[in-house]
Amino acid sequence: VIYGSARIPEPSKAQALLDLATDDQSRRIAERLIEKSKYYDVARELAGLASCYPLDTDGERHFVVCSGGGPSIMEAANRGATEKGCESIGLNIVLPHEQAPNPYVTPALSMQFHYFALRKMHFLLHARALAAFPGGFGTFDELFELLTLIQTGKIAPIPVLLYGREFWNRVVNFEALVEEGVVSAKDLKIFTFVETAQEGWDVVKAFYRDKD
């Protein structure tokens with residue numbers, strides 16, 4: 001499962017954001033989004049690596065890419081799978097803006113949800129790993145629900161990859177949560193900071209290799 005912002009641009013289209021900026025604040029925001037545009041390609045590559053994982057002896061796939069079905073990081077995930085000739089899932093949500101199924105979701109695996117709660121349940125029902133890229137409220141909502149479920153033992157641990165240590169440590173002071181006594185130090189081991197597609201995929205493979 002791949003989470004991430006619907007607003008981070010594809011690198012080839014990133015400059016357009018800056019061209020549309022009309023004041024200093026909008027230029028600063030555009031520059032920050034452009035800095036994060038590299039994660040479009042990282043998500044795309046990660047999805048390709050997962051999709052190419054060999055079939056088992058029964059001819060079954062162990063990893064199928066699943067995204068929120070929308071644009072940006074979600075699009076990159078489905079695109080990475082499509083480029084490898086593999087199917088991918090899109091769990092779309094009905095919203096006033098931003099969210100329409102991207103063209104890379106396998107049509108038969110494109111689903112539309114009205115309620116966030118049901119959508120989140122389906123994200124995690126069969127998840128074998130999760131990658132969270134920089135994102136906003138939606139990404140936080142989905143990510144922290146998973147962290148809570150693992151922390152409280154409601155679901156078995158799976159690899160949780162946080163892409164972009166600088167981003168996550170800037171927007172969430174994880175260490176402060178430990179210092180304040182509201183989470184324990186071991187809770188910070190639920191997730192792993194990574195930067196590249198291969199680094200994240202190596203964490204997933206090591207988790208299941210150790211589990212076996």
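The following refers to the structure shown. Since the structure is predicted, the reported quantities are computational estimates derived from the model, not experimental observations.

Thresholds, definitions, all that
Residues numbered from 1 in each chain as written. Predicted model: local features only at pLDDT ≥ 70, side-chain atom pairs only at ≥ 80, totals over all residues. Heavy atoms only, no water. Salt bridge = Lys/Arg side-chain N within 4 Å of Asp/Glu carboxyl O. Helix = DSSP H or I, 4+ residues; strand = E, 2+ residues; numbered from the N terminus. Buried < 20%, exposed > 50% of the residue type's maximum accessible area, 1.4 Å probe, protein only. Contact = heavy atoms within 4.5 Å. Polar contact = N/O pair within 3.5 Å; in protein donor to acceptor, adjacent residues only side chain to side chain. Axes fitted to C-alpha atoms, helices over the stretch in contact; angles between N-to-C directions. Parallel < 35°, antiparallel > 145°, perpendicular 65-115°, else oblique. Left-handed = near helix turned anticlockwise from the far one by under 90°. Nonpolar A, V, L, I, M, F, W, Y, C, P; charged D, E, K, R; others polar. Patch = residues over 30% accessible without salt bridge, like charges linked within 9 Å, V, L, I, M, F, W, Y side chains within 5 Å. Areas by Shrake-Rupley, 256 points an atom, 1.4 Å probe, with all protein chains shown as cover. Lys, Arg positive; Asp, Glu negative; His and termini not counted. Charge placed at Lys NZ, Arg CZ, Asp CG, Glu CD. Phe/Tyr/Trp six-rings, centres within 6.5 Å; stacked < 30°, edge-to-face > 60°.

1. So, the pattern of salt bridges
- For the coordinates displayed, the defined rule picks out 11 salt bridges.
- Linking E83 and R79 is a salt bridge whose minimum nitrogen-to-oxygen distance equals 3.3 Å. Here E83 and its partner R79 are both found in helix α4 (residues 73-83), four residues apart, which amounts to about one turn of the helix.
- What makes R79 buried here is its relative accessible area of 14%.
- In this structure, K120 and E145 form a salt bridge, with 2.9 Å as the shortest nitrogen-oxygen distance. A residue pair is termed long-range when its members are at least 10 positions apart, and K120 in helix α5 (residues 116-125) and E145 in helix α6 (residues 137-151) qualify at 25 residues.
- The exposure class assigned to E145 is partly exposed, which follows from its relative accessible area of 33%.

2. Overview of α4
- Burial analysis of α4 places nine of its 11 residues in the buried class, the great majority of the element.
- Residues of α4 that are buried include every one of I73, M74, E75, A76, A77, N78, R79, G80 and A81, and no others.
- The inward-facing, buried residues of α4 contact β1 (2-3), α3 (38-51), β2 (66-67), β3 (89-93) and α5.

3. Some details on unusual backbone geometry
- For S72, which is not glycine, the phi torsion reads 60° and is therefore positive.
- The residue S72 is located in the loop between β2 and α4 in this model.

4. Here's the deal with the side chain of E10
- Considering the arrangement of structural elements, one finds E10 in the loop between β1 and α1 (14-20).
- Polar side-chain contacts of E10 include one of 3.1 Å to the side chain of R79.
- Once residues within four sequence positions are removed from consideration, E10 is found in contact with Y40, E75 and R79.

5. A short note on the packing of α3 against helix α9 (residues 197-211)
- Interaxial distance between α3 and α9 falls to 8 Å at its minimum, and their mutual angle equals 40°. When the axis of α3 is compared with that of α9, the two are oblique. Between α3 and α9 lies a crossing whose hand is right-handed. Contacts between α3 and α9 involve V42, E45, L46, L49 and A50 from the first element and A197, Q198 and W201 from the second.
- Here the contact of α3 with α9 is built from residues that sort into six nonpolar, one polar and one charged.

6. Description of a negative patch on the surface
- Among the surface-exposed residues, E31, E35, E166, E195 and E199 lie close enough to one another that they form a single negatively charged patch.
- Relative to the helices and strands, E31 resides in helix α2 (residues 24-35).

7. Some details on the packing of aromatic side chains
- Tallied over the entire structure, the rule returns 14 aromatic pairs.
- Between Y53 and W201 the ring centres are 6.0 Å apart and the planes differ by 80°, which places this aromatic pair in the edge-to-face class. Taken together, the residues span a long stretch of sequence, with Y53 in the loop between α3 and β2 and W201 in helix α9 at a distance of 148 residues.
- Here W201 falls in the buried class, since its relative accessible area comes to 6%.

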